[in-house]
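# Results of the structural survey
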Amino acid sequence: MAVVYSLGTILSIGGSFFLWGPMSQLKKSFDPDRRVASALLILSICLVITFAILDIVIVALICVILQYCAYLWY
């Protein structure tokens, strides 16, 4: 279930590519004021997928909460 949530987050970010364009989205994502939020979001997506595949449920759920907070900050 957590992997599906992470894929949904990836798709929603990918959907914004159509609104702003891919290069503009990437430039805005890694501006100095948003760099930390973008890095945290990418890291949390990777952690959720990793812990969900390894079937470590509690840590995966904590990472899902981290991913949600990072997405709100993003």
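The text that follows walks through the structure, step by step, so that each part is easy to find. (Residues numbered from 1 in each chain as written. Predicted model: local features only at pLDDT ≥ 70, side-chain atom pairs only at ≥ 80, totals over all residues. Heavy atoms only, no water.)

## Looking at the packing of helix H1 (residues 2-20) against helix H4 (residues 57-73)
To keep it simple, the criterion reads: Angular values range over 0 to 180 degrees, each being the angle between N-to-C directions of two axes fitted as lines to C-alpha atoms, with helices fitted over their stretch in contact. Secondary structure is summarised from DSSP: a helix means a run of H or I of at least four residues, a strand means a run of E of at least two, and numbering begins at the N terminus for each. Orientation labels follow simple angle bins: below 35 degrees gives roughly parallel, above 145 gives roughly antiparallel, 65 to 115 gives roughly perpendicular, and whatever is left gives oblique. By the definition used in this description, the sense in which the near helix is turned from the far one sets the handedness, with an anticlockwise turn below a right angle giving left-handed and a clockwise turn giving right-handed. Pairs of residues are marked as contacts when any of their non-hydrogen atoms sit within 4.5 Å. Throughout, the ten residues Ala, Val, Leu, Ile, Met, Phe, Trp, Tyr, Cys and Pro are labelled nonpolar, Asp, Glu, Lys and Arg are labelled charged, and all others, Gly among them, are labelled polar.
Running from N to C, H1 and H4 cross one another at 15°; their axes reach a closest spacing of 11 Å. Classified by the angle their axes make, H1 and H4 are roughly parallel. For the pair H1 and H4, the sense of crossing is left-handed. On H4, the residues touching Ala2, Tyr5, Ser6, Thr9, Ser12 and Ile13 of H1 are Val64, Gln67, Tyr68 and Tyr71. In the contact of H1 with H4, the residues fall into 6 nonpolar, 4 polar and no charged.

## Here we look at helix H3 (residues 35-53)
We apply this condition: A helix's residues, less one, multiplied by 1.5 Å, set its expected span. For the exposure calls, accessible area comes from a 1.4 Å probe over protein chains only, and a residue counts as buried if that area is under 20% of its type's maximum, exposed if over 50%, partly exposed in between. Note that the arc is defined by the directions from the helix axis to the C-beta atoms.
A rise of 1.5 Å per residue sets the reference length of H3, with its 19 residues, at 27 Å; its end C-alpha atoms lie 27 Å apart and thus fit the reference within 8%. Here H3 has its buried residues at Ala37, Ser38, Leu41, Ser44, Ile45 and Val48. Angularly, the buried residues of H3 cover 130° about the axis, an arc narrow enough to put them on a single face. Summarising the geometry of H3, the exposed residues directed more than 90 degrees from the buried face are Val36 and Ile53. Residues of H3 that are buried in the fold lie against H1, helix H2 (22-29) and H4.

## Some points on the layout of surface pockets
Put simply, the test is: With a 1 Å grid laid over protein atoms only, a set of points is called a cavity when a 1.4 Å probe fits there but cannot get out and a pocket when it is open yet has protein on both sides within 12 Å along at least five of seven lines; lining residues have an atom within 4 Å of a point. Grid points are joined across faces, edges and corners, and a volume is the space filled by probe spheres set on the points.
Taken as a whole, the largest pocket spans an internal volume of roughly 210 Å³. Along the walls of the largest pocket sit 14 residues, with Ile13, Leu41, Ile42, Ile45 and Tyr74 positioned nearest its centre. For the lining of the largest pocket, the secondary-structure elements that each account for two or more residues are H1, H2 and H3. Top element by residues in the lining of the largest pocket is H3. It accounts for 5 residues. A class-by-class count of the residues in the lining of the largest pocket yields 10 nonpolar, 4 polar and no charged. Its volume calculated, the second largest pocket comes out at about 160 Å³. Forming the walls of the second largest pocket are Met1, Ala2, Tyr5, Phe51, Ala52, Asp55, Ile56, Val57, Ala60, Leu61 and Val64. Contributions of two or more residues to the lining of the second largest pocket are made by H1, H3 and H4. Among the residues forming the lining of the second largest pocket, the class breakdown is 10 nonpolar, no polar and 1 charged.

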